[in-house]
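Examining the three-dimensional arrangement
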Amino acid sequence: MKMKNKIAVLFTGVWLMSGAAVAEESLLEAMFTPLRQKEVNPVSNKLYKNECGSCHFAYQPGLLPSQSWEKLLNEKALADHFGENAELEKDDLAEIYDFVMANAADKSYYKRARKIAKATEGGEAPLRITEVRYIKRKHHEIPDNMIKGNKDVKSLSYCDACHTQADKGVFDEDTVQIPNFPDWDD
Amino acid sequence: MKKSFVLFCLTTLFATVASASPASDALFAQYKAAGATKVDAAKAKKDWATEVVVDGEKMSCASCHGTDLNKPGKHHKTGKVIEAMSPRVTADRFTEEKKIEKWFKRNCKDAWGRECTVQEKADFLTFLIAQ
């Protein structure tokens, strides 16, 4: 086989294998983000982990695009954070804001975060993780009785109720264990 | 001689208030300077269960922290476990000034729809560290 043909075969192979990526973002985009990794960037900021994680699962910044975080992380918004007071001191808010903005979905090289960025590309700014189209779609097949009707889950927003490695930013299907449904498999 | 005397004084001082820490001492001084008078742990105990309707939901301290302070509580919305309030059970309780003030501010607003007064904070802190 001539060199030219070999390259063509190789290229086609890569193209086919990246089918999953093509569905959410084009191969070209995938190829031009060579630092991309699987999953979602884990939380690396201690203050973020402590402050946000003291009341709820410390959602990775890569789970929402920066336009969403912009709406959530300001003094006024935090005084009524989904009905709770989550006010932060100025310095703490500044540190958390900077960390989140630098790691939001649209700034991340992690595959799942990029897909979330893609799903909100049009400027959509969902305030809840559960409103992100990509995340909704991924959970579409899970029946209500496993989430809402499940007393140990209750809502899609409790990521770590089923995603056993959610705190590491891993949301892969293989790591899922739905409470009270031990036999569930994909 | 002098050193051991100071040590003796410190020991007896801390022994009187079970779990006082430099942080709680500093806060008591601040509350006093801001107008708090004699602390009343009994009032705090009563206030702990006082329910106020905030945003259509009956709330009190106990809504999230429970009534047995030696046991962990549960966030009323997210269900996240809140470690026991008693410093005997949760060793780092009331050891950080900033943290105590932060949660007083947030939780008073969430449970009572307003900030707590310095007197209320002094009462609550006395009540809680004695657990």
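Since this is a predicted model, take the numbers as computed values, not measurements. (Residues numbered from 1 in each chain as written. Chains lettered and ligands numbered in written order. Predicted model: local features only at pLDDT ≥ 70, side-chain atom pairs only at ≥ 80, totals over all residues.)

1. Regarding the overall build of chain A
Summing up its helical and strand segments, chain A has 9 helices and 0 strands in all. Secondary structure elements of chain A occur, N-terminal to C-terminal, as α-α-α-α-α-α-α-α-α. For chain A, with 186 residues in total, the buried portion stands at 24%. Long-range contacts, defined here as pairs at least 24 residues apart, represent 60% of the contacts in chain A between residues at least 6 apart. (Helix = DSSP H or I, 4+ residues; strand = E, 2+ residues; numbered from the N terminus. Buried ≥ 20, exposed ≤ 12 C-beta atoms within 10 Å, placed from the backbone. Contact = placed C-beta atoms within 7 Å.)

2. Structural notes on the confidence of the model for chain A
Where the model shows low pLDDT, its predicted coordinates should not be examined in detail. On average, chain A scores 88 in pLDDT, and the residues at 70 or more come to 85%. Per-residue pLDDT stays below 50 along residues 19-23 of chain A; that stretch engages in 3 contacts with residues further than four places along the chain or on separate chains. (pLDDT = per-residue confidence, 0-100.)

3. Brief notes about the interface of chain B and chain A
Contacts between the two partners involve 9 residues from chain B, matched on the other side by 7 residues from chain A. Along the lines of polarity and charge, the residues of the side of chain B that touches chain A split into no nonpolar, 2 polar and 7 charged. (Nonpolar A, V, L, I, M, F, W, Y, C, P; charged D, E, K, R; others polar.)

4. So, helix α2 (residues 22-33) of chain B
Because each turn of an α-helix spans 3.6 residues, side chains separated by three or four positions in sequence point in the same direction. Residues and elements named next belong to chain B. The end-to-end C-alpha distance of α2 is 17 Å, a good match for the 16 Å that 12 residues give at a rise of 1.5 Å each. Among the residues of α2, Ser24, Leu27 and Tyr31 are the ones counted as buried. Taken around the axis of α2, the buried residues stretch over an arc of 60°, which confines them to a single face. Structural note: α2 exposes Pro22, Ala26, Ala29 and Ala33 on the side pointing more than 90 degrees away from its buried face. Where α2 is buried, its residues touch α5 (97-112) and α6 (118-129). One or two residues past the end of α2 sits Gly35, with phi positive at roughly 120°. (Expected span 1.5 Å × (residues − 1). Arc of directions from axis to C-beta.)

5. Quick word on the packing of α2(B) against α6(B)
All names here are of chain B. Where α2 contacts α6, the two axes come as close as 9 Å, and the packing angle between them is 155°. Classified by the angle between their axes, α2 and α6 sit roughly antiparallel to one another. Handedness of the crossing formed by α2 with α6: left-handed. Side by side, α2 and α6 meet where Ser24, Leu27, Phe28 and Tyr31 of the first sit next to Val118, Lys121, Ala122, Leu125 and Ile129 of the second. Tallied by class, residues from the contact of α2 with α6 come to 7 nonpolar, 1 polar and 1 charged. (Axes fitted to C-alpha atoms, helices over the stretch in contact; angles between N-to-C directions. Parallel < 35°, antiparallel > 145°, perpendicular 65-115°, else oblique. Left-handed = near helix turned anticlockwise from the far one by under 90°.)

6. Examining the confidence of the model for chain B
Residues and elements named next belong to chain B. When the pLDDT values of chain B are averaged, the result is 89; 86% of them are 70 or greater. Counting contacts from residues 9-16, a segment whose pLDDT is below 50, to residues more than four positions away or on other chains yields 1 contact. Interface scoring of the predicted complex returns ipTM 0.76; its pTM is 0.79.

7. A look at the environment of Leu128(B)
Residues and elements named next belong to chain B. With respect to the helices and strands, Leu128 occurs in helix α6. Along the primary structure Leu128 and Asp68 are separated by 60 residues, whereas in three dimensions their C-alpha atoms are 11 Å apart. Setting aside residues up to four positions removed in sequence, Leu128 forms contacts with Met85 and Phe94.

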